[in-house]
Amino acid sequence: MSQDEIAREAIKHALKALRKRHLLEEGAHGPAFIALSRPILSQGSEWKEKAENLELELQQCYKAQSRLSEQLVVEVAESRVSKALAQEKEDAISNLQTELTQTRDECSQLKVDLEEKIKALELVLSENQELRAQLEEMIIKAKNAEAENKMLVDRWMLQKMQDAEQLNEANAIYEEMVDRLKASGLENLARQQVDGVVRRTEDGAEFFLESSVPSVCKHRIHAHEGGCASILFEYNSGKLISGGQDRSIKIWDTNSGSLSHTLYGCLGSVLDLTITHDNRSVIAASSSNNLYVWDVNSSRIRHTLTGHTDKVCAVDVSKISSRYVVSAAYDRTIKVWDLNKGYCINTIIFYSNCNALSFSMDGQTICSGHVDGNLRLWDIHTGKLLSEVAAHSLAVTSISLSRNGNVVLTSGRDNLHNLFDMRSLEVCGTFRATGNRVASNWSRSCISPDDNYVAAGSADGSVYIWSISKADIVGTLGEHTSPVLCCSWSGLGKPLASADKNGIICTWT
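Every value quoted in this text rests on a predicted model; they were computed, and no experiment measured them.

1. Observations concerning the environment of Val74
So, point 1. Here Val74 is to be found in helix H2 (residues 45–184).
So, point 2. In the structure, Val74 is positioned 19 residues away from Glu55 in sequence and 29 Å away in space, judged by C-alpha atoms.

2. Thoughts on a positive patch on the surface
So, point 1. The grouping of Arg8, Lys12, Lys16 and Arg19 at the surface amounts to a positive patch.
So, point 2. Note that Arg8 resides in helix H1 (residues 3–43).

3. Side note on the packing of aromatic side chains
So, point 1. Inspection of every chain in the model, using the stated rule, returns 7 aromatic pairs.
So, point 2. Ring geometry for Tyr453 versus Trp489: centroids 6.3 Å apart, planes at 25°, classification stacked. Here Tyr453, found in strand S25 (residues 453–457), pairs with Trp489, found in strand S28 (residues 484–489); they are 36 residues apart in sequence, far enough to count as distant. Each member of the pair, Tyr453 as well as Trp489, carries the same accessibility label: buried.
So, point 3. Here a set of aromatic residues connected by ring pairs shows up, and it is made of Phe350, Tyr351 and Trp378.

4. Some remarks on the sheet that holds strand S16 (residues 354–359)
So, point 1. Spatial ordering of the open sheet is given by S16-S17-S18-S19, a layout of 4 strands whose pairing is antiparallel. The open sheet has two edge strands with one neighbour each: S16 and strand S19 (385–390). Averaged over all pairs of adjacent strands, the angle between strand axes in this sheet comes to 20°, irrespective of strand direction.
So, point 2. Here S16 pairs with strand S17 (residues 365–370) via 5 bridges, running antiparallel. Bridge pairing in S17 places Ala356 opposite Gly369.

5. Some thoughts on the pairing of strand S9 (residues 281–286)
So, point 1. With 6 of its 6 residues buried, S9 lies for the most part within the structure.
So, point 2. Of the two faces of S9, both are covered, the one formed by Ser281, Ile283 and Ala285 as well as the one formed by Val282, Ala284 and Ser286.
So, point 3. Bridge count between strand S8 (residues 270–275) and S9: 5 bridges; the pairing is antiparallel. Each bridged residue has a counterpart across the sheet, and for Asp272 the counterpart in S9 is Ala285.
So, point 4. Summarising the sheet, S9 and strand S10 (residues 291–295) pair through 5 bridges and their orientation is antiparallel.

6. Some thoughts on the sheet that holds strand S5 (residues 239–244)
So, point 1. With antiparallel pairing, 4 strands are arranged side by side in an open sheet as S4-S5-S6-S7. The outermost strands of the open sheet, each flanked by one partner alone, are strand S4 (228–233) and strand S7 (258–263). If you compare each strand with its neighbour and ignore which way they point, the axes differ by 25° on average.
So, point 2. Examined bridge by bridge, strand S6 (residues 249–253) and S7 share 5 bridges and lie antiparallel to one another. Within S7, the position partnered with Trp252 by the bridge is Leu259.

So, how was this worked out
Residues numbered from 1 in each chain as written. Predicted model: local features only at pLDDT ≥ 70, side-chain atom pairs only at ≥ 80, totals over all residues. Heavy atoms only, no water. Helix = DSSP H or I, 4+ residues; strand = E, 2+ residues; numbered from the N terminus. Patch = residues over 30% accessible without salt bridge, like charges linked within 9 Å, V, L, I, M, F, W, Y side chains within 5 Å. Areas by Shrake-Rupley, 256 points an atom, 1.4 Å probe, with all protein chains shown as cover. Salt bridge = Lys/Arg side-chain N within 4 Å of Asp/Glu carboxyl O. Lys, Arg positive; Asp, Glu negative; His and termini not counted. Charge placed at Lys NZ, Arg CZ, Asp CG, Glu CD. Phe/Tyr/Trp six-rings, centres within 6.5 Å; stacked < 30°, edge-to-face > 60°. Buried < 20%, exposed > 50% of the residue type's maximum accessible area, 1.4 Å probe, protein only. Pairing = 2+ DSSP bridges. Axes fitted to C-alpha atoms, helices over the stretch in contact; angles between N-to-C directions.

This is how it looks when you write it as C-alpha cells:
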C-alpha cells in the first residue's frame with residue numbers, strides 16, 4: 001500500500017475509535033444521568049441548569065474533538081509532504097556525496113598532474129639556465145669574432161688602399177709613358193683652334209659642306225618597334241645610328257636607306273646615343289640604369305657602365321678625347337666615366353634631374369639641361385657648378401652645341417628653342433612656331449653643321465626649320481604621322497634625319 005492509503009486508513013481507524021469511545025462514555029454516563037435526574041427533579045431548576053451546562057460542555061468537547069480530528073488530518077498531510085521533502089533532500093545529499101567523491105578524485109589527479117608539471121618546469125628551468133650560460137659564451141665568442149673581423153677588414157682595407165695607390169702609380173707611369181710616346185710623334189693628334197676647337201681626322205681636316213634647307217623625304221625607314229628616341233650621324237659619314245625601345249642599336253646607310261648592321265646587348269630602351277670621334281665606339285644610355293659601350297667593328301660590347309640607380313636619359317663623349325664619357329640619370333646624378341679604366345671617376349649630385357647634356361669643345365666643361373628649366377655649366381674635374389641660367393620656364397629637353405662650340409641650343413617643354421652664348425650665357429636667339437609643340441622630356445633638336453639653321457620636331461608630326469640669322473621659319477617637313485622625338489643633321493651638310501614615336505626614321509634632302 002502507498003503512504004496516502006496508509007494515512008487514510010489511519011484516519012478512518014481514529015474516527016471509529018473516537019465514535020466507539022463516545023458511545024462508551026454515553027453508556028457509562030447513562031445511569032448517572034438517571035440517578036442524577038431524580039435529585040435534579042427534586043431539587044428543581046438548579047440541577048437543571050447544571051445539566052444544561054454539562055450538556056454545553058459536552059457539546060464543546062465534541063466540537064473540540066472534531067477540531068482535533070481535522071487538525072490530525074492536516075498534520076498527517078503535512079507529515080506526508082515533509083516525508084517527501086525529506087526523501088528528496090536525502091536523494092540530493094546522495095548525489096552531492098557522489099559528486100564530492102568524484103571531485104575529490106579529480107582533485108587528487110590534478111595534484112598528481114601538478115606535481116609532474118612542477119617537476120617538468122624545474123627541468124626546463126635548469127635547461128634554460130644551461131642555455132643562458134651557453135648563450136653568454138656564444139655572445140662573448142661573437143664579440144671576439146666581430147672584433148677580429150673588424151681588425152681583418154681594417155687590414156684588408158689598408159691593403160686595398162695600398163693596392164689602389166700602387167695601381168694609381170702604375171696608371172700614372174702608364175699615362176706618362178703614353179704622353180711621352182705622343183710627344184715623340186708615335187701618336188699625333190692634330191687640333192686647330194679656329195673660333196673654338198675643331199677636331200681633325202688622322203687624314204686631315206674634317207669635311208665641311210654648306211647646309212641647305214631640306215624639303216624632300218628621301219627615305220622613310222621603319223627602324224624600331226615601339227618608337228625611336230635617339231639618332232645621330234657618324235663623323236664625316238652619311239651613316240646614321242638609331243636606338244629605340246626594342247633595345248637595339250641600328251646603323252643605316254642613308255644613301256640607300258638600307259640597314260648596315262645591328263648592335264645587340266642593351267637590356268632596356270635606348271634613351272640617348274653618342275659616338276666617339278674616331279667612329280669606333282657607340283655609347284647608349286638605357287632605361288635599365290646602365291650605359292653600354294660597343295665596338296662598332298666587332299659589334300661587341302666593350303663596357304657595361306653600372307652605377308646609376310635609375311634610368312639613364314642622356315650621354316655624351318668628350319670632343320677632345322674618346323676616353324671620357326658623361327651621363328645623366330633620373331637618380332639626380334651626373335657621372336663622369338673613364339673608358340680606359342671602365343668605371344666612374346666623378347659624380348655630381350643635384351636636386352633637379354638632368355634631361356640632356358653635352359661636353360664643351362675643350363672637354364673641360366659639361367653643359368646640362370634640367371627639369372627645373374635651367375641650363376648649368378660644370379667643371380668636369382672638380383664637379384663644381386660654374387654658372388647657370390634660367391633657360392626655359394619648363395623642363396629643358398635638349399642641348400645641342402654649335403660646330404665652333406661658342407653657341408648652345410636648348411629646347412624646352414615651353415615650346416621654345418633658345419640659343420645661348422657659351423661665354424656669357426646670354427640669349428642670342430629664340431625660335432618658336434604656332435604649331436610647334438615639344439613632344440617629350442627628351443625631344444632632341446639640332447643645329448646644322450654650318451650653324452645657319454635649327455631643326456626641331458613637333459608633337460603634330462612636323463619638323464620645323466628656322467634660319468638663325470633671320471630668326472624665322474624657312475621650312476616645315478610633314479612626312480611623319482606621330483610625334484617627332486629627335487632630329488640630327490649630318491656633318492657633311494646633308495641629309496637631315498628625324499625619328500618619331502612609332503619608330504619611323506625619315507631622311508630629308
